[in-house]
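Notes for the structure review
Chain by chain, the residues:
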Amino acid sequence: MINRSAFHKLSYGLYLVTACTPDGKKVGCVANTFQQVASEPPMVSVSLNKQNATTQAILESGTYAVSVIGQSATMDLIGLFGFKTSNEVDKFAETQHEMCSADLPIVLEHCVAKFVVEVRERVDVGTHIMFVGAVTEADVAADDAPMTYAYYHEVLRGKTPPKAASYVEEAPANPASEAAPAADAPKYGWRCKLCGYIEMMDELPDDYTCPICGVGKDMFERIEL
Ligand SMILES: Cc1cc2nc3c(=O)[nH]c(=O)nc-3n(C[C@H](O)[C@H](O)[C@H](O)COP(=O)(O)O)c2cc1C
């Protein structure tokens, strides 16, 4: 038997994995699957979905950088890198970053440590590719506490999109919306400008937060149903 709840007992951090395409475009995504796998020499791995723009860039370049993000990281930063694709938006246009000596972008916002990795093995694990690599650069950027996956879920009330390695399908956020429209059905919906989630409701309560990416009411725009 496989009890899916057992996976909820696993602990992770939260990272921004970044890379460059052969034509120099900067790409990156959130990953919770970055980890150290050997110490001498220092080796790490990250598991990335084959559909991610970042995965394709790493497959072509054979190298990636990682920012370990601190607990002060905002949902805006996590939403940009974790719910949008570099195929559609330039994630670095308004994100403070530096170029490392290997010519990879490293996000500096809320960064507590940074790594540069040279890929040694690509392991096909089905939906994802695990990139095992040698650390070529590593440094501490701040003394702040690193963000944990548990903190992200419990304190920031963040969600995990289906493409993440650790995604576990949840019940529909609003099952009533799938039934036939009732006479008193809402006339308006609200679309999250960050992740695209739609909430069917005439007015959102002031303390409303997006069940997908966690942003507040001010990030929603009203749409006609
Ligand atoms: C909390 C969180 C954890 C995530 N972990 C992973 C992960 O480990 N592997 C992965 O492939 N995607 C993960 N994702 C999803 C990617 O960040 C997301 O699909 C992103 O939009 C891909 O961007 P890209 O197409 O620009 O590469 C995670 C997202 C969030 C919010």
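Residues numbered from 1 in each chain as written. Predicted model: local features only at pLDDT ≥ 70, side-chain atom pairs only at ≥ 80, totals over all residues. Heavy atoms only, no water.

What follows is about the sheet that holds strand β10 (residues 188–192). Reading across from one edge, β11-β10-β12 is the order of the three strands in this open sheet, with antiparallel pairing throughout. Each having just a single partner strand, β11 (198–200) and β12 (220–224) make up the two edges of the open sheet. Neighbouring strand axes in the sheet, compared pairwise and without regard to direction, differ in orientation by 30° on average. Of the strand pairs in this sheet, β10 and β11 are connected by three bridges, and their pairing is antiparallel. By the bridge assignment, Arg191 is partnered in β11 with Ile198. (Pairing = 2+ DSSP bridges. Helix = DSSP H or I, 4+ residues; strand = E, 2+ residues; numbered from the N terminus. Axes fitted to C-alpha atoms, helices over the stretch in contact; angles between N-to-C directions.)

When the parts of a complex come together, some accessible area is lost, and that lost area is often used as the size of the interface. According to the domain assignment, the chain contains domain 1 (10–154) and domain 2 (175–224). One C-alpha centre belongs to domain 1, the other to domain 2, and the line joining them spans 31 Å. Counting residues at the interface gives six residues for domain 1 and seven residues for domain 2. Summing the contributions of domain 1 and of domain 2, the shared interface buries around 480 Å²; its carbon and sulfur component is 66%. When the area that domain 1 buries against domain 2 is broken down by residue, the three leading residues are Met75, Phe83 and Lys84, summing to 74%. If you look at where domain 1 meets domain 2, you find zero salt bridges. (Domains from an automatic or database assignment. Contact = heavy atoms within 4.5 Å. Buried area = accessible area lost by both parts, 1.4 Å probe. Salt bridge = Lys/Arg side-chain N within 4 Å of Asp/Glu carboxyl O.)

Take the sheet that holds strand β8 (residues 111–124) next. Strand order in the open sheet formed by seven strands is β2-β1-β5-β8-β9-β4-β3, and the pairing between neighbours is antiparallel. Since the sheet does not close on itself, it has two edges, and those belong to β2 (26–31) and β3 (35–39), each with one partner. Strand-to-strand twist of the sheet, defined as the mean angle between neighbouring strand axes without regard to direction, takes the value 35°. As defined by bridge partners, β8 adjoins strand β9 (residues 128–140) across 11 bridges and the pair is classed as antiparallel. By the bridge assignment for β9, Asp124 is matched with Ile129. In the packing of helix α1 (residues 53–61) onto the sheet, contacts are made with β1 (15–20), β2, β4 (42–49), β5 (63–69), β8 and β9, and the angle to β1 comes to roughly 50°.

Moving on, we come to the pairing of β9. Direction of pairing for β4 relative to β9: antiparallel, over a ladder of seven bridges. Within β9, the residue paired with Asn49 across the bridge is His128. In textbook terms, the turn of a hairpin is the stretch between consecutive antiparallel strands, and for β8 and β9 this stretch comprises three residues, one of which, Gly126, has a positive phi near 95°.

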